Each structure stands twice: as structure tokens, then as C-alpha cells.
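Working through the structure, step by step
Listed here are the chains, written in short residue letters.
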Amino acid sequence: MQFFKIATLSDLAPGRAKAFEVNGKTIAVFNVDGQFYAIDDACPHRGASLAASIAKNGKVFCSWHLFDFDLKTGACGAIPDFPVQTYELKVEGTEIFVLC
Ligand code: FES
């Protein structure tokens, strides 16, 4: 694994999320009040885009069936056996990198 540049700070205003293609994966990055989180974009249930879903109170709620995923740990509150993959992020200057 290595860090890949995935975006710049201007790509993701606070409260926004976006999916990025990196190293063969589609990763959803969320900006929650200036704190960034990265998880697999595809919901582990049926594959809905989590970047296109609603993030609130540190969780993202899948837009298809409303399973909730903790943005920090990936844990699924609705069904514990359905965690989503999380990724380590780092910000250097104005650039966001993800470890994958
Ligand atoms: S596809 Fe996400 S909860 Fe069903």
C-alpha cells in the first residue's frame, strides 16, 4: 500500500462528499467540518454510492436502504456484519492523500 493523491482541499468543501478513482478502487471522501474521511464508495449491501448518500453526525446513511456506516470505523449500525472498508488519509498543504 502507498499514499495516492486523491484530491485537493478545494475539491471538497465542508459538508460535501465525492467519489474518486484511485489505484483501481472507487473511494468516497467526506469533508465533515474540515475533518476528512475515506471509505469504499460502494455500499457493502447492494452497491449504492455512499458519496451520493447523506452524511450526518459522523455517519453516512446509504441512500438505497438507509444502512448507516460510521465514517471513522466503517462499522454498520444496522447490521454489524456489513462494515465498509475505511482508508487512512493525510493532508499535506492543499493536497489530500489516501493510503490504499
Ligand atoms: S445498498 Fe446500501 S443499504 Fe442497501
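None of these values were measured; they are calculated from a predicted model. (Residues numbered from 1 in each chain as written. Predicted model: local features only at pLDDT ≥ 70, side-chain atom pairs only at ≥ 80, totals over all residues.)

Some remarks on the overall build of the chain
- Within the chain, the secondary structure is distributed over zero helices and ten strands.
- Ordered by position from N to C terminus, the α and β elements of the chain give β-β-β-β-β-β-β-β-β-β.
- Rg of the C-alpha trace for the chain: 12 Å, near the compact-globule value of 13 Å for 100 residues, within the 12% margin.
- For the chain, the spread of C-alpha atoms along the principal axes amounts to about 35 × 25 × 20 Å.
- Within the chain, the fraction of its 100 residues that count as buried is 30%.
- Looking at the chain alone, contacts between residues at least 24 apart form 37% of all its contacts between residues at least 6 apart. (Helix = DSSP H or I, 4+ residues; strand = E, 2+ residues; numbered from the N terminus. Rg over C-alpha atoms; globule rule 2.2 N^0.38 Å. Buried ≥ 20, exposed ≤ 12 C-beta atoms within 10 Å, placed from the backbone. Contact = placed C-beta atoms within 7 Å.)

A short note on the sheet that holds strand 9 (residues 89–92)
- Ordered by their spatial adjacency, three strands build an open sheet running 1-10-9, and the pairing between neighbours is antiparallel. Strands with a single pairing partner mark the edges of an open sheet, and in this sheet they are strand 1 (3–8) and strand 9. Adjacent strand axes in the sheet meet at a mean angle of 30°, parallel and antiparallel pairs treated alike.
- Note that strand 9 and strand 10 (residues 95–99) share four bridges and pair antiparallel. What sits directly across from Glu92, in strand 10, is Glu95. (Pairing = 2+ DSSP bridges. Axes fitted to C-alpha atoms, helices over the stretch in contact; angles between N-to-C directions.)

Let's talk about the pairing of strand 3 (residues 25–32)
- Pairing between strand 2 (residues 17–22) and strand 3: six bridges, direction antiparallel. Across the sheet, the residue bridging to Phe20 is Ile27, located in strand 3.
- Between strand 2 and strand 3, which pair antiparallel in sequence order, lie two residues; one of them, Asn23, sits at a positive phi of approximately 50°.
- Of the pairings in the sheet, the one linking strand 3 to strand 4 (residues 35–40) comprises six bridges and is antiparallel in character. The residue of strand 4 that forms the bridge with Phe30 is Tyr37.
- The turn linking strand 3 back onto strand 4 is made up of two residues, and Asp33 within it adopts a positive phi angle of 55°.

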